[in-house]
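Close look at the chain arrangement
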Amino acid sequence: MRIVDIIDKKKQGKELSKDEINYFISSLTDNSMPDYQASAWLMAVWFRGMSEIETANLTDAIINSGDCIDFGEFSKQIFDKHSTGGVGDKVTITLIPLLAAAGIPIAKLSGKGLGHTGGTIDKLESIPNFSCRLSVEEMINQVKKIGVAIGQQTNNLTPADGILYSLRDVTATIDSMPLIASSVVSKKIAAGAGHIILDVKYGSGAFMKTPQDAVELAKLMVRVGKHLNKSIIAVVTSMEEPLGRAVGNALEIIESIEFLKGNIIKGDIAELTYDFATIALMQTGKFIDEETARAYLKELIYTGKAIDKFKELIIAQGGDPEVINNYSKFPQSQFKIEVKAKSSGYIKRIDAYKTAYGCKLLGAGRDKKNDPIDYSVGVFLNKKTGEPVANGDVLYTIYSNAPAKTEECKKYLDEAFEICTEKPAAIKQIYEIIKP
Ligand code: URA
């Protein structure tokens with residue numbers, strides 16, 4: 001078999017066999033294939049797509065490129081959640097300690113930022129010394145000990161996804177349904193959870209721009225799960241505006257801590273976290289009644305159990321737990337610039353993509369695969385969609401380390417905000433839930 005023939009076959013839109021996909025993935029993982037061939041193949045897949053069976057075979061090959069975490073009988077209880085990527089999307093960070101505090105064991109493999117979207121790993125690594133580089137054994141031991149672990153794809157776990165993920169990020173090949181489905185589902189299956197919920201996002205800040213495309217992707221992922229004997233629930237949610245008020249790595253962790261401490265009780269982050277947590281409590285059979293489940297989750301927040309679990313997770317993964325009570329322990333930006341409204345009315349919309357792009361210009365994301373990121377920078381949205389605004393009110397705050405970057409970021413943020421005279425309808429977070 002020759003890689004060039006596999007690229008050519010995909011270029012012509014033909015279906016690749018299981019053997020061809022396995023050969024491609026093993027050549028990727030043993031480094032016998034150069035990046036330029038892998039990149040050419042990714043672009044061919046981007047243009048030509050893949051059938052459901054090809055996507056399932058690709059997912060399987062990525063899983064088999066490394067080890068799988070085997071929790072044995074215990075795996076039936078383990079829960080995992082993954083988002084297809086958004087802006088300000090910190091729901092993993094709010095949800096995971098909450099569910100772990102509810103006694104649901106969690107083993108999660110997360111990703112770094114991809115394209116304009118933020119990554120859970122980058123966010124968590126803004127906590128000084130926090131590391132997601134856990135071995136399979138460390139993941140298993142940590143879940144058994146404290147009920148929760150957040151790892152990342154490594155040389156042992158889905159290594160092929162690690163290589164493809166970095167290449168996709170810099171070759172404009174992220175927004176492809178088979179590539180997203182295989183990347184997400186492979187990590188979820190390799191991490192060994194029995195219960196998986198996927199948050200499939202649509203809108204300006206997501207890779208799928210319309211709810212219809214997100215539903216198609218969600219269905220594909222649920223069916224790929226079925227091919228590989230894994231039951232997956234996919235929830236299609238809006239990413240038209242950034243989630244919560246903070247966009248940027250350390251800023252998002254601070255907002256998550258505020259939620260876990262019980263200081264954020266309304267708004268999209270609280271709503272989505274409780275929605276996902278309730279679905280998880282029902283999926284794992286811990287509750288059969290939604291209302292009781294929600295009340296129980298709120299109690300975990302108000303009694304401090306959720307934030308205590310987050311602290312335990314930070315300590316277990318080497319991070320500095322003092323960040324919870326002392327935000328000055330996070331990397332700090334040099335400049336904090338408040339930008340004011342020039343008219344009055346209501347916030348009509350805040351474009352998630354433009355907000356993300358502005359933050360990336362500040363240094364919150366990567367341009368090339370090994371670029372360092374600046375954990376301290378980002379944007380805080382002082383106003384959100386539907387809120388009233390008066391001329392001169394602070395609309396948003398830029399956290400930056402370079403005046404020139406601040407100006408570039410401001411250009412995008414000014415475009416992202418739209419003000420209107422009539423109060424707009426509230427954004428519905430959940431569009432559809434797809435079950436196996
Ligand atoms: N998250 C992933 O892990 N992979 C993707 O392709 C998109 C989001």
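In the block above lies the structure referred to throughout.
Residues numbered from 1 in each chain as written. Predicted model: local features only at pLDDT ≥ 70, side-chain atom pairs only at ≥ 80, totals over all residues. Heavy atoms only, no water.

1. Overview of the overall build of the protein
When helices and strands are counted, the protein shows 16 helices and 13 strands. For 436 residues, the compact-globule estimate of 2.2 N^0.38 gives 22 Å, and the protein sits close to it at 21 Å. The C-alpha extent of the protein, read off along each of the three principal axes, is 65 × 45 × 40 Å. When the 436 residues of the protein are sorted by exposure, 59% land in the buried category. Contacts in the protein between residues at least 24 apart in sequence constitute 79% of all its contacts with a sequence separation of at least 6. Approximately 17,400 Å² of the protein is accessible, and the part contributed by carbon and sulfur atoms is 49%. (Helix = DSSP H or I, 4+ residues; strand = E, 2+ residues; numbered from the N terminus. Rg over C-alpha atoms; globule rule 2.2 N^0.38 Å. Buried < 20%, exposed > 50% of the residue type's maximum accessible area, 1.4 Å probe, protein only. Contact = heavy atoms within 4.5 Å. Areas by Shrake-Rupley, 256 points an atom, 1.4 Å probe, with all protein chains shown as cover.)

2. Here we look at helix 16 (residues 403–416)
In a regular helix each residue adds 1.5 Å, so 14 residues correspond to 20 Å; helix 16 covers 20 Å between its end C-alpha atoms and thus fits that length. The secondary structure elements touched by the buried residues of helix 16 are strand 7 (335–340), strand 8 (345–350), helix 15 (352–362), strand 9 (378–381), strand 11 (394–400) and strand 12 (417–420). (Expected span 1.5 Å × (residues − 1).)

3. Quick look at the site of the ligand
His82, Ser83, Thr84, Leu114, Tyr165, Arg168, Ile180, Ser183, Val184 and Lys187 make up every residue found near the ligand. A distance of 2.6 Å separates a nitrogen atom of the ligand from a polar side-chain atom of Ser183. Within the side chain of Lys187, an N or O atom sits 2.6 Å from an oxygen atom of the ligand. Protein chains bury 96% of the 240 Å² of accessible surface belonging to the ligand in isolation. For the shell around the ligand, the secondary structure elements donating two or more residues are strand 1 (79–83), helix 8 (159–170) and helix 9 (177–190). With 4 residues, helix 9 is the largest single contributor of residues to the shell around the ligand. The class makeup of the residues in the shell around the ligand is 4 nonpolar, 4 polar and 2 charged. (Near = heavy atom within 4 Å. Polar contact = N/O pair within 3.5 Å; in protein donor to acceptor, adjacent residues only side chain to side chain. Nonpolar A, V, L, I, M, F, W, Y, C, P; charged D, E, K, R; others polar.)

4. Brief notes about helix 3 (residues 35–48)
Between its first and last C-alpha, helix 3 extends 20 Å over 14 residues, near the 20 Å set by a 1.5 Å rise per residue. Of the positions making up helix 3, those classed as buried are Gln37, Ala38, Ser39, Trp41, Leu42, Ala44 and Val45. Where helix 3 is buried, its residues touch helix 1 (3–11), helix 2 (18–29), helix 4 (52–64), helix 8 and helix 9.

5. Some points on the sheet that holds strand 6 (residues 246–247)
With antiparallel pairing, 4 strands are arranged side by side in an open sheet as 6-9-11-7. The strands lining the two open edges of the sheet, one partner per strand, are strand 6 and strand 7. Here 4 bridges tie strand 9 to strand 11, and the two strands are oriented antiparallel to one another. Note on strand 11: the bridge partner recorded for Gly378 is Tyr399. Running over the sheet, helix 16 touches strand 7, strand 9 and strand 11 and is turned about 145° from strand 11. (Pairing = 2+ DSSP bridges. Axes fitted to C-alpha atoms, helices over the stretch in contact; angles between N-to-C directions.)

In short, shape yes, function no, at least from these values alone.
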